[in-house]
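Observations on the three-dimensional arrangement
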Amino acid sequence: MKLSGVELRRIRIPLVAPFRTSFATETEREVLLVRVLGAEAEGWGECVAITEPLYSAEYVDGAEQVIRDFLLPRLPADVTARALGPAFAPVKGHAMAKAAVEMAVLDAELRVAGMSYAAFLGATRERVPAGVSVGIMDSIPELLDNVDAYLGEGYARIKLKIQPGWDIEPVRAVRERFGDIPLQVDANTAYTRADARHLAGLDPFGLLLIEQPLPEEDLLGHAQLAEAVTTPICLDESIVSARAAADALALGACSIVNVKAGRVGGYLEARRIHDVCAAHDVPVWCGGMLETGLGRAANLAFAALPGCTLPGDVSASDRYYARDITEPFRLEDALMRVPSGPGLGVEPIMEILDDLTESTAVVRLGG
Ligand code: NPQ
Ligand code: MG
């Protein structure tokens with residue numbers, strides 16, 4: 001497909017409540033959107049980079065600059081999503097920037113073909129169960145109130161954000177109050193190898209998994225930790241590619257994988273990770289980065305793949321946003337519907353989008 005231009009749009013969207021992790025407390029989300037303008041269709045991409053480089057090395061301003069200065073000049077004149085891997089390969093890193101462009105190109109391409117993201121990726125379900133990620137709170141009672149509300153809304157699985165000083169006690173309290181619910185924890189790299197025995201203190205609670213306890217680069221540390229605890233280790237930040245996933249499995253660094261398309265350079269690489277894991281009978285689940293309805297739509301398509309056997313961080317729009325930029329995604333009888341229309345199957349509501357827009361830049365392509 002030939003593109004006449006690309007719009008880079010920055011929006012700012014308030015969160016319904018502060019979201020606290022081991023690395024940040026956010027009250028709003030700054031998001032970079034990529035809109036490709038094709039002759040027969042336009043397409044939307046969402047960059048999952050956050051404002052500061054605290055989850056990974058990428059951040060919104062950097063991603064915007066990389067897209068504008070290094071990725072858009074490398075777009076083939078006649079572009080397909082499949083061609084982007086080779087075209088962008090000379091640019092090291094910047095997976096989230098690359099993924100945002102790929103998502104937009106794929107959306108436009110699939111709209112022309114009349115095919116949904118779900119069908120393109122190979123989804124096998126029309127609805128998926130939803131998990132929810134619960135931030136670090138000021139107190140255990142506040143945490144229990146939040147978990148209670150999410151369970152009441154129909155979430156199938158609870159993930160507690162943890163860090164040193166907020167780990168064993170919140171898990172114990174949730175287990176005591178709610179019993180045998182599907183429960184897991186995410187440390188976002190907040191621990192060290194020296195914490196192995198402390199983390200083994202989570203073993204009696206029968207968690208589904210502990211996500212990314214150690215630094216991104218520390219595959220060997222995770223393999224050693226996996227020997228020291230009975231709770232399954234799941235990797236998020238460390239899984240930067242299909243090769244990294246294969247290496248992690250070969251090393252015994254994890255037995256479950258969180259897949260985020262943004263973190264690995266796009267949905268095509270995400271699908272490869274899914275396939276590597278499926279070949280090893282390793283469960284996969286779809287991670288989340290507090291996406292708007294655009295990214296949420298694509299994540300739901302991925303979450304409907306056959307190897308995504310655990311509930312993902314694919315929550316309803318209102319978990320994060322009072323006003324989403326698309327028609328809001330809702331839990332329907334405790335399930336999320338996978339979009340089935342062409343491309344993402346959703347589009348932005350332009351009045352809302354314009355209202356939230358901080359800046360728009362258009363890059364003209366093709367002379
Ligand atoms: C994770 N996501 O799995 C990420 C972390 C993350 C849903 O837990 C603003 C503030 C944006 C915190 C994006 C979930 C964020 C954020 C992602 C945390 O590790
Ligand atoms: Mg995580």
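Residues numbered from 1 in each chain as written. Chains lettered and ligands numbered in written order. Predicted model: local features only at pLDDT ≥ 70, side-chain atom pairs only at ≥ 80, totals over all residues. Heavy atoms only, no water.

Take the domain arrangement of the protein chain next. For the protein chain, the assigned domains are domain 1 (3-114 + 347-364) and domain 2 (118-337). For domain 1 versus domain 2, the distance between C-alpha centres works out to 23 Å. With 36 residues of domain 1 at the interface, the matching set in domain 2 holds 42 residues. Taken together, both faces of the contact between domain 1 and domain 2 bury some 3,300 Å²; the carbon and sulfur share is 66%. Of all residues in domain 1, Phe19, Arg20 and Tyr55 give up the largest surface area on contact with domain 2, accounting jointly for 22% of the area buried on that side. Across the contact surface, domain 1 and domain 2 share 2 salt bridges. Of the charged contacts in the structure, one is a salt bridge between aspartate 138 and arginine 20, with a shortest N-O distance of 3.2 Å. When residues of the side of domain 1 that touches domain 2 are traced back to their parent elements, those giving at least two are strand S1 (3-20), strand S2 (25-38), strand S3 (42-47), helix H2 (81-88), helix H3 (95-113) and helix H13 (350-356). Broken down by element, the residue count for the side of domain 1 that touches domain 2 peaks at 8 residues, all from H3. In terms of residue class, the side of domain 1 that touches domain 2 is built from 25 nonpolar, 3 polar and 8 charged. (Domains from an automatic or database assignment. Contact = heavy atoms within 4.5 Å. Buried area = accessible area lost by both parts, 1.4 Å probe. Salt bridge = Lys/Arg side-chain N within 4 Å of Asp/Glu carboxyl O. Helix = DSSP H or I, 4+ residues; strand = E, 2+ residues; numbered from the N terminus. Nonpolar A, V, L, I, M, F, W, Y, C, P; charged D, E, K, R; others polar.)

Around the magnesium ion (ligand 2), the protein supplies Asp186 (OD), Glu211 (OE) and Asp236 (OD) as donor atoms, at distances of 2.1 to 2.3 Å. Coordination of the magnesium ion (ligand 2) draws on donor residues from a single chain, spaced D-x24-E-x24-D in sequence. Pair noted here: glutamate 211 is in strand S8 (residues 210-211) and aspartate 236 is in the loop between strand S9 (233-235) and helix H9 (242-251), with a separation of 25 residues, a long-range link. An identical accessibility class is assigned to glutamate 211 and aspartate 236; each is buried. (Donors = N, O, S within 2.8 Å, 3.2 Å for Na, K, Ca; no water. Buried < 20%, exposed > 50% of the residue type's maximum accessible area, 1.4 Å probe, protein only.)

Here we take up the packing of aromatic side chains. By the definition in use, this model includes 5 aromatic pairs. Summarising the aromatic geometry, the rings of phenylalanine 23 and tyrosine 55 are spaced 6.2 Å apart at their centres and angled 55° between planes, so their arrangement reads as tilted. Taken together, the positions of phenylalanine 23 in the loop between S1 and S2 and tyrosine 55 in the loop between S3 and helix H1 (60-71) put the pair 32 residues apart, joining distant regions of the chain. Residue phenylalanine 23 is classed as partly exposed on the basis of its relative accessible area, which comes to 23%. Using a relative accessible area of 8% as the deciding quantity, one classes tyrosine 55 as buried. An angle of 90° between the planes, with centres 5.7 Å apart, marks the rings of tyrosine 117 and tyrosine 267 as edge-to-face. Here tyrosine 267 lies in helix H11 (residues 267-279) and tyrosine 117 lies in helix H4 (residues 117-121), a separation of 150 residues in the sequence. By relative accessible area, which is 1% here, tyrosine 117 ends up buried. Judged by relative accessible area, which is 5%, tyrosine 267 ranks as buried. Within the aromatic cluster, the residues linked to one another by ring pairs are Phe19, Tyr320 and Tyr321. (Phe/Tyr/Trp six-rings, centres within 6.5 Å; stacked < 30°, edge-to-face > 60°.)

Roughly 740 Å³ of volume is contained in the largest pocket. Lining the largest pocket are 31 residues, and of these Gly93, Ala95, Lys98, Val264 and Gly265 sit closest to its centre. Those elements that place two or more of their residues in the lining of the largest pocket are H1, H2, H3, helix H10 (261-264) and H11. Classifying every residue of the lining of the largest pocket by side-chain character gives 15 nonpolar, 7 polar and 9 charged. Two domains share the lining of the largest pocket, each providing at least three of its residues, namely domain 1 (3-114 + 347-364) and domain 2 (118-337). (1 Å grid on protein atoms, 1.4 Å probe; cavity = no way out; pocket = protein on both sides within 12 Å on 5 of 7 lines; lining within 4 Å. Points joined across faces, edges and corners; volume = space filled by probe spheres on them.)

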